[in-house]
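Results of the structural survey
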Amino acid sequence: MAWNFSTDADFQRKLDWMSEFMREQIWPLETVVQELGWEGLVRAMRPLQAEVKAQGLWAAHLDPELGGQGYGQVKLGLMHEILGSCPIAPLAFGNAAPDSGNSEILALAGTPEQKDRYLHPLLAGDLKSAFSMTEPDTAGSDPTLLQTAAVRDGDEWVINGRKWFSSNGSIADFLIVMAVTDPDARRHQRASMFVLDADTPGVRILRDVPTMEHPWDSYGVYGNHAEIAYEDVRIPADALLGARGAGFLIAQQRLYPGRIHHCMRWLGVARRAFDMLCERSLYRYAHGSTLAEKQTVQNWIADSAAQMQAARLMTLHAAWKMDTEGVGAARTDIALIKFFGAQVLHDVVDRALQAHGSLGYSTDLPLEAMYRYARAARIYDGPDEVHRASVARQVLRGYEPPADNVPSEHVPTRREAARERFAELLHAVTAND
Ligand SMILES: Cc1cc2nc3c(=O)[nH]c(=O)nc-3n(C[C@H](O)[C@H](O)[C@H](O)COP(=O)(O)OP(=O)(O)OC[C@H]3O[C@@H](n4cnc5c(N)ncnc54)[C@H](O)[C@@H]3O)c2cc1C
């Protein structure tokens, strides 16, 4: 019987190296990111990226022919759990969003020319990219409603529409755009993906949208989310990425593993917040005892430990299912962890912040930033409600309504059936034989 929760020793050594590298090299950089600016951060990252490459851990999500490791989702998940503890860490490991997901799309659907022009320079760190799907005027949670259109005109496509929340859009060299090419096709076959240079005439970056994470107006900053107008953007026919009408199919291939990585990264954040919660409880003294001796705080610690353990096992299980049975088999498990993991992250960070009082609310600790990060996790990559609805739909497929609307557990009905079945025995017992 195969039932195994262990990590093989070789890979565990790599994970141990990563944990130490994170604490020694990456965490200290986190505190001076603003001072470094983007250029400075890129410079600071170069020697770290070289170390990661020497360890064979660079862009591990990609196949070996693209310089990656071809790791399955369980291994990648365990790596992302460690990377998650610091928002800049993925840059050192060649798997920062959205470039990592975009490189997967190009690897999956790109032509040899598209790979030469976009994928290889992206992997070398010479280009930056953005994924442009969500629109301000249609529900991102139902992308079959997309309105941005790409119309064929001779040897060209002409794109018109407006997108927003294209992460890194204002610093990207190229954009992957989802647009409707076949409005009369079936719902999930209407859209296609295109890859185009960000300076193509007609592409207008209108602004970076201020958010909870970056509340003040800023432009061209790494991690910002751009609003982009596509106005008569003419691109050659070979800018089509993958087959015409395959936009959703390709997006799903990118999003499913991406959700596993998100969930594991959230656990890395939650773990760091949890460590702060535990540390605080041991030294903060109020009303006659340390916080650790107050039952409310004990409950926070125990509930957080249980939630994180549950989310971790659920996520690794989803990853294992994806590795062993494929994306299709893991769909419901992935939807489960997306909303469950986001809630766990939120709850753990919230408790840690509360335990630190005004210090937790201040920027003297990373908790307030984690809290803002946690809030977004419940929206991007599909809001909680959409994943819950998807899980419920899948679960309900295994059920059917009872005959005559009598619940199958209805005790009087079952008792009547049991009396018939055990009539002889009941008769013997009541007759005192
Ligand atoms: C930090 C961040 C980064 C992002 N990066 C990108 C990016 O790089 N590229 C990109 O294209 N997009 C990106 N997005 C956009 C993101 O994917 C969308 O915001 C998301 O898909 C939700 O779409 P929406 O905002 O249009 O909300 P809507 O679709 O309008 O949904 C609003 C709310 O309606 C409710 N709702 C929706 N459907 C249901 C349902 N079936 N049942 C019950 N309630 C429902 C939910 O509460 C939901 O939150 C990013 C978003 C964030 C916050």
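So, here is what we can say about the structure in this document.

Okay, the overall build of the protein chain next. Each helix and strand in the protein chain was counted, giving 14 helices and 10 strands. By principal-axis analysis of the C-alpha atoms, the protein chain measures approximately 95 × 65 × 45 Å. Taking all 433 residues of the protein chain together, 45% fall into the buried category. Within the protein chain, counting contacts between residues at least 6 apart in sequence, those at least 24 apart form 70% of the total. Carbon together with sulfur atoms contributes 52% to the accessible area of the protein chain, which is approximately 22800 Å² in total.

Glycine aside, a negative phi is what most residues show, and trans is what most peptide bonds show. Backbone torsion omega between Ala 97 and Pro 98 reads 0°, so that peptide bond is classified as cis. Counting through the fold element by element, Pro 98 comes out in the loop between α4 (89-92) and α5 (99-109). Even without being a glycine, Asn 168 presents a positive backbone phi close to 65°. Of note, Asn 168 is situated in the loop between β3 (156-167) and β4 (174-180).

With that out of the way, let us pick up the site of the ligand. If you check the shell around the ligand, you find 16 residues, and the closest are Phe 131, Thr 134, Gly 140, Ser 141 and Phe 165. Separating an oxygen atom of the ligand from a backbone N or O atom of Gly 140 is a distance of 2.8 Å. Calculation on the ligand without its partners gives an accessible area of 990 Å², and the protein chains cover 64% of this total. Those elements giving two or more residues to the shell around the ligand turn out to be β3 and α12 (384-396). Taken together, the residues that form the shell around the ligand break down as 8 nonpolar, 6 polar and 2 charged.

Here we come to the packing of α5 against helix α6 (residues 112-123). Interaxial distance between α5 and α6 falls to 10 Å at its minimum, and their mutual angle equals 150°. Judged by the inter-axis angle, α5 sits roughly antiparallel to α6. The chirality of how α5 crosses α6 is left-handed. Touching Asp 99, Asn 102, Ser 103, Leu 106, Ala 107 and Ala 109 of α5 are Gln 114, Lys 115, Tyr 118, Leu 119, Leu 122 and Leu 123, all from α6. The class makeup of the residues in the contact of α5 with α6 is 7 nonpolar, 3 polar and 2 charged.

The subject of this paragraph is the packing of aromatic side chains. Across all of its chains, the model carries 9 aromatic pairs by this definition. Relative to Phe 5, the ring of Trp 3 lies with its centre 5.6 Å away and its plane at 90°, an arrangement referred to as edge-to-face. Put simply, the rings of Trp 17, Phe 21 and Phe 93 pair up and form one aromatic cluster. For the cation-ring pair, Arg 254 lies above Phe 131, with the distance from its terminal atom to the ring centre recorded as 4.3 Å.

The next point concerns helix α11 (residues 367-377). Turning to α11, its buried residues are Leu 367, Glu 368, Met 370, Ala 374 and Ala 377. Buried residues of α11, viewed axially, fall in a sector of 165°; they line one side.

Our next topic: the environment of Leu 146. As for its placement among the helices and strands, Leu 146 is situated in the loop between β1 (129-132) and β2 (149-153). Overall, Leu 146 belongs to the buried group, its relative accessible area being 10%. Through-space distance from the C-alpha of Leu 146 to that of Met 133 is 8.2 Å; in sequence the pair is 13 residues apart. Residues in contact with Leu 146, not counting those within four places in the same chain, are Met 133, Glu 135, Thr 138, Lys 163, Met 178, Val 180 and Ala 191.

So, how was this worked out
- Residues numbered from 1 in each chain as written.
- Predicted model: local features only at pLDDT ≥ 70, side-chain atom pairs only at ≥ 80, totals over all residues.
- Heavy atoms only, no water.
- Helix = DSSP H or I, 4+ residues; strand = E, 2+ residues; numbered from the N terminus.
- Buried < 20%, exposed > 50% of the residue type's maximum accessible area, 1.4 Å probe, protein only.
- Contact = heavy atoms within 4.5 Å.
- Areas by Shrake-Rupley, 256 points an atom, 1.4 Å probe, with all protein chains shown as cover.
- Near = heavy atom within 4 Å.
- Polar contact = N/O pair within 3.5 Å; in protein donor to acceptor, adjacent residues only side chain to side chain.
- Nonpolar A, V, L, I, M, F, W, Y, C, P; charged D, E, K, R; others polar.
- Axes fitted to C-alpha atoms, helices over the stretch in contact; angles between N-to-C directions.
- Parallel < 35°, antiparallel > 145°, perpendicular 65-115°, else oblique.
- Left-handed = near helix turned anticlockwise from the far one by under 90°.
- Phe/Tyr/Trp six-rings, centres within 6.5 Å; stacked < 30°, edge-to-face > 60°.
- Lys NZ or Arg CZ within 6 Å of the ring centre and 35° of its normal.
- Arc of directions from axis to C-beta.

Read these as geometric descriptors, not functional statements.
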